[in-house]
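The chain contents come next:
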Amino acid sequence: RLIVEGYGHSSLARPLLFDDKRYIFTPGGSVIGYALIGRTAVTLGDPVGPTEDLLPSIQAFTSLCQRNDWLPVFYQTLPESLEAYKKAGLDALCIGREGIVDLKTFTLEGKAGKALRSPDNKLKSAGFTFVLHKPPLPDELLEELRAISDEWLTMMHGTEKRFSLGWFEDDYIRNSPIAAVHAPEGWVSAFANI
């Protein structure tokens, strides 16, 4: 936790602490969170720790994998880390990009905000409101959020995306800020934990 709080700088820092991970700690002060799936050891993002320990951490993890006959996979690494992976003899495969919004400069004004402005105005006109609920959340709100989460999973015919996105766990959700859209009648229509 202290390493992640001190050095974590991506959206994967918090999910690294979920209890579905195994950990390797390096002599250089880094931590790598990973899950073992068959013979594949999948990390969640880059090693977290001092910048100068990046390459040694990658090498420590690949060495651990070699000793155990595992295939190492570094999942959701940052673009600025790719050179270190290449130096460690690994290949890169881009399967997507993370959308990052600078909330200090974000606006619905102008041409760039046009596509979002119309739906936003429709929701406001219909009486929907946005509320940021600060932790700890009361039991009633937690139960309402659980019902929405359960309904969404049923609609998607799926399960929680545990490894990199998390799951509905009472203590985690209760102690997270929650962005919620409330219907005109007051009930929560949609939410996201932050």
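Read on for a plain summary of the structure.

Time to look at the pattern of salt bridges. Applying the stated criterion to the full structure yields six salt bridges. K21 serves as the salt-bridge partner of D20, at 2.6 Å between the closest nitrogen and oxygen. Using a relative accessible area of 25% as the deciding quantity, one classes D20 as partly exposed. Taken together, the shared-partner salt bridges connect E143, R146 and D170 into one network.

Here helix α5 (residues 139–156) contains 18 residues, and its C-alpha end-to-end distance of 26 Å stays within 8% of the 26 Å for a straight helix at 1.5 Å per residue. Along α5, the positions that sit buried rather than exposed are L141, L142, L145, I148, S149 and L153. One side of α5 carries all its buried residues, which in axial view fall inside an arc of 135°. Set apart from the buried face of α5 by more than 90 degrees, the exposed residues are E140, E151, T154 and M155. After α5 finishes, the residue H157 shows a positive phi value of roughly 50°.

This paragraph deals with the sheet that holds strand β5 (residues 129–133). As summarised here, the arrangement of the three strands in space is β5-β6-β7, forming an open sheet in which the pairing is antiparallel. For this open sheet the edge positions go to β5 and β7 (188–193), each flanked by a neighbour on one side alone. Taking the axes of each pair of neighbouring strands and ignoring which way they run, one obtains an average angle of 20° across the sheet. Bridging between strand β6 (residues 178–182) and β7 involves five bridges; their strand directions are antiparallel. Note on β7: the bridge partner recorded for I178 is N193.

Turning to the pairing of strand β2 (residues 31–37), a few remarks are in order. Burial within β2 is extensive, with five of its seven residues counted as buried. Bridge count for strand β1 (residues 22–25) against β2 is four bridges, and the pairing is antiparallel. For R22, the partnering residue across the bridge sits in β2 and is Y34. In this sheet, strand β3 (residues 40–44) lies alongside β2 in antiparallel orientation, the contact comprising four bridges.

Let us look at the environment of T51. Mapped onto the elements, T51 comes out in the loop between β3 and α2 (54–68). Each C-alpha atom of the pair T51 and S81 lies 9.7 Å from the other, and the pair is 30 residues apart in sequence.

On to the sheet that holds β3. Ordered in space as β1-β2-β3-β4, the four strands form an open sheet in which the pairing is mixed. Of all the strands in the sheet, just β1 and β4 (71–75) have a single pairing partner and so form its edges. Between one strand and the next, the sheet's axes are offset by a mean angle of 35°, whatever the strand orientation. Bridge count for β3 against β4 is five bridges, and the pairing is parallel. The residue bridging L44 from the neighbouring strand is Y75, located in β4. Across the face of the sheet, α2 comes into contact with β1, β2, β3 and β4 while running at roughly 145° to β4.

Reading the values: rules and limits
Residues numbered from 1 in each chain as written. Predicted model: local features only at pLDDT ≥ 70, side-chain atom pairs only at ≥ 80, totals over all residues. Heavy atoms only, no water. Salt bridge = Lys/Arg side-chain N within 4 Å of Asp/Glu carboxyl O. Buried < 20%, exposed > 50% of the residue type's maximum accessible area, 1.4 Å probe, protein only. Helix = DSSP H or I, 4+ residues; strand = E, 2+ residues; numbered from the N terminus. Expected span 1.5 Å × (residues − 1). Arc of directions from axis to C-beta. Pairing = 2+ DSSP bridges. Axes fitted to C-alpha atoms, helices over the stretch in contact; angles between N-to-C directions. Contact = heavy atoms within 4.5 Å.

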